[in-house]
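Residue-level structure breakdown
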Amino acid sequence: MQPQQASPPGYLGQFRILFSKEIAVEFRSRETAVPMAVFAVAALIAFQFSFDLRGGTLNLVAPGVLWVAIIFASLLALGRSFAREVERGSLDGLLASPIDPGALYLAKVAANVLMLLVLEIVIVPLTAVLFNLQLFQPALLLTLVMGNIGIAAVGTILASIAARARAREALLPIMLLPLLVPVIISAVRATGLAIDERPFSEIQPWLGVLGAYDLAFVTLSALIFYVTVER
Amino acid sequence: MSLSDRRFSTIDIVGVAAFAVMLIALYLAIVESPSERVQGIHQKIFYVHVPSALVAYVSIGVVAVGSGMYLWKRTHKWDRLAIASAELGVILTTLTLVTGSLWGRPVWGAWWNWSDARLVTTLVMWLVYVAYLMLRSLGERGPATSRAAAVLGLLGFVNVPITYFSVYLWTFLHPLPTLQSSTDRPESAILVPFLVGMAAFTLLYVYLMAMRMRLEESQHELDDLRAAREML
């Protein structure tokens, strides 16, 4: 062991540094959050004319419309989060530094959760206004956060796999969408119940599924992420 | 091992046994087994459907074992186990979905039922392992793709129970009529053809696994030889 002047940051310190790096890159390039939001708005308009969201089916269809828009838009952020590193060769630099790959993974997940939240800050009020829905429910906020964690947890590790393969734009959604089925089911149900202003006890089982999903995939992915970036 | 000095090996015996037992299973299912009272002749597809489904689930478990062991030990044989089992898993799951659909049409009155957790989970599982094969075919042959596939193999496996539970919960909150089945023949008349079918599909799986893993091994050797020639 060589003597060290300053002790390197621990896991949490690494996470903090890597997370602020992700935010700084996004803040300077603005290549993720803005295109995501514009895409999601365009998707909402497409859904309106596909399903005619004016009638009595609105409360049934709106949660699905919202989540499909979020998940499709998330593909843009997830794809960029590693493709950008591979294109610029910065991933090799990151991996050459003494960081824990688990901290890198968690920082990317946190950044992607934040991107999704920014997207939702735009799209959820817009959905409420355009379709005259009661979307401002505490249970919905919880559903959005937990859904975001699930999408980001699985999406981030799959994006790191897809970034090195041919046809990565096609490969990411092909791998991600079937794995997200539990998130889609429970987030859409929880959102629907929240819109109908049902008691929290009815929403709870769905939040339980989301919580179990988030916990299982964040833990498993943080543990095995290093194999996707090793040389 | 070269092909020329191959003798009659254990694998060949398994192959012959798989063929023979499959013929017996088909005979028992088509000729010997009774027609079920309510479903009639349609129920007989279960002698193919259930064994293929069970062996499909086992093969997905084998993919997870191969994936986990590959990431731990990093020996190529575990990777071979995973890829061979994933391919067979996709084929068996396809067979399961098709035979289930063929049964569902006359008995349920519909090819598909979105409220059945097993159906939906099997479809999702099928998609995950189709994605697994796509990842394998789109990536370059080598350890990076093997590691990536192993990660997907593990994620896909963890996803199965969560998917099942969420579809179950979804159905539970939207109940639909379930099928009541009954027979007036002794259970052994159904059990024996079923067990023989199970044996046939298990033998077929073992045989095809061995063949596919041998093919993968040869492919690996060929890759090494090509790489060695490039070096010269």
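Residues numbered from 1 in each chain as written. Chains lettered and ligands numbered in written order. Predicted model: local features only at pLDDT ≥ 70, side-chain atom pairs only at ≥ 80, totals over all residues. Heavy atoms only, no water.

Moving on, we come to the overall build of chain B. Each helix and strand counted, chain B has 6 helices and 0 strands in total. Taking the principal axes of the C-alpha coordinates as reference, chain B spans close to 70 × 45 × 25 Å. Taking contacts inside chain B between residues at least 6 apart in sequence as the whole, the part at least 24 apart equals 78%. Entry remark: accessible area of chain B is about 12,600 Å², with carbon and sulfur atoms responsible for 69%. Between the centroid of the 18 positive side chains of chain B and the centroid of its 16 negative side chains there is a distance of 1 Å. (Helix = DSSP H or I, 4+ residues; strand = E, 2+ residues; numbered from the N terminus. Contact = heavy atoms within 4.5 Å. Areas by Shrake-Rupley, 256 points an atom, 1.4 Å probe, with all protein chains shown as cover. Lys, Arg positive; Asp, Glu negative; His and termini not counted. Charge placed at Lys NZ, Arg CZ, Asp CG, Glu CD.)

Listed as interface residues are 28 residues of chain B and, on the opposing side, 28 residues of chain A. In total, about 2,600 Å² of surface goes out of reach between chain B and chain A, with carbon and sulfur atoms giving 78% of it. Across the contact surface, chain B and chain A share 2 salt bridges. Measuring nitrogen to oxygen at the nearest pair gives 2.5 Å for the salt bridge that ties B:Arg74 to A:Glu230. Summed over the shared surface of chain B and chain A, the result is 5 residue pairs in polar contact (both at pLDDT 80 or more). Here the side of chain B that touches chain A gets 16 residues from one element, more than from any other, and that element is helix α5 (residues 143-172) of chain B. When the residues that make up the side of chain B that touches chain A are grouped by side-chain class, the tally is 20 nonpolar, 6 polar and 2 charged. (Buried area = accessible area lost by both parts, 1.4 Å probe. Salt bridge = Lys/Arg side-chain N within 4 Å of Asp/Glu carboxyl O. Polar contact = N/O pair within 3.5 Å; in protein donor to acceptor, adjacent residues only side chain to side chain. Nonpolar A, V, L, I, M, F, W, Y, C, P; charged D, E, K, R; others polar.)

Residues and elements named next belong to chain A. Note that Ser-186 resides in helix α8 (residues 181-195). A relative accessible area of 0% places Ser-186 in the buried class. Along the primary structure Ser-186 and Trp-206 are separated by 20 residues, whereas in three dimensions their C-alpha atoms are 5.0 Å apart. Setting aside residues no more than four positions away along its own chain, Ser-186 makes contact with Trp-206, Val-209 and Leu-210. (Buried < 20%, exposed > 50% of the residue type's maximum accessible area, 1.4 Å probe, protein only.)

Glancing now at a nonpolar patch on the surface. All names here are of chain B. On the surface, a cluster of nonpolar side chains totalling about 630 Å² of accessible area is made up of Phe-19, Leu-23, Leu-26, Tyr-27, Ile-30 and Val-31. Take Tyr-27: it is sitting in helix α1 (residues 10-32). Among the residues examined, Tyr-27 registers a relative accessible area of 44% and is labelled partly exposed. (Patch = residues over 30% accessible without salt bridge, like charges linked within 9 Å, V, L, I, M, F, W, Y side chains within 5 Å.)

Moving on to the confidence of the model for chain B. Residues and elements named next belong to chain B. Considering every residue of chain B, the mean pLDDT works out to 87; 91% of them sit at 70 or more. For residues 174-183, every residue scores under 50 in pLDDT, and the model assigns this stretch 14 contacts once sequence neighbours within four places are set aside. This prediction of the complex comes with two scores: 0.89 for pTM and 0.89 for ipTM. (pLDDT = per-residue confidence, 0-100.)

What follows concerns the packing of aromatic side chains. Within this structure, the stated rule accounts for 9 aromatic pairs over all chains. Judged by centre distance (5.1 Å) and plane angle (55°), the rings of B:Phe46 and B:Trp103 are tilted. A residue pair is termed long-range when its members are at least 10 positions apart, and B:Phe46 in helix α2 (residues 46-73) and B:Trp103 in helix α3 (residues 76-107) qualify at 57 residues. Taking the relative accessible area as the measure of exposure, B:Phe46 reaches 26% and is therefore partly exposed. Its relative accessible area of 8% is what places B:Trp103 among the buried residues. Between B:Trp103 and B:Trp108 the ring centres are 5.3 Å apart and the planes differ by 70°, which places this aromatic pair in the edge-to-face class. Three or more aromatic residues joined by ring pairs make a cluster, and in this case those are A:Phe82, A:Tyr105 and A:Phe225. Here A:Arg30 stacks its cationic end above the ring of A:Phe27, 5.2 Å away from the centre of that ring. We note A:Lys108 situated over the ring of A:Phe82; from NZ or CZ to the ring centre the distance is 4.8 Å. (Phe/Tyr/Trp six-rings, centres within 6.5 Å; stacked < 30°, edge-to-face > 60°. Lys NZ or Arg CZ within 6 Å of the ring centre and 35° of its normal.)

Below, the discussion takes up the pattern of salt bridges. Residue and element names in this part refer to chain A. Enumeration according to the criterion identifies 18 salt bridges over all chains in this entry. Residue Glu-87 is joined to Arg-80 by a salt bridge in which the shortest nitrogen-to-oxygen separation is 3.6 Å. Taking relative accessible area as the criterion, Glu-87 reaches 52% and is therefore assigned exposed. Note on Arg-80: relative accessible area 24%, which makes it partly exposed. Within this structure, Glu-26, Glu-31, Arg-80, Arg-84, Glu-87 and Arg-168 form a network of salt bridges that share partners.

Residues and elements named next belong to chain A. Here Glu-197, not a glycine, exhibits a phi torsion of approximately 55°, which is positive. Mapping Glu-197 onto the fold places it in the loop between α8 and α9 (200-224). Judged by relative accessible area, which is 52%, Glu-197 ranks as exposed.

Residue and element names in this part refer to chain B. Helix length check: α1 (23 residues) gives 31 Å between terminal C-alpha atoms against 33 Å at 1.5 Å per residue, within 8%. Residues of α1 that are buried include every one of Asp-12, Val-14, Gly-15, Ala-18, Val-21, Met-22, Ala-25, Leu-28 and Ala-29, and no others. Buried residues along α1 sit against α2 and α6 (188-231). (Expected span 1.5 Å × (residues − 1).)

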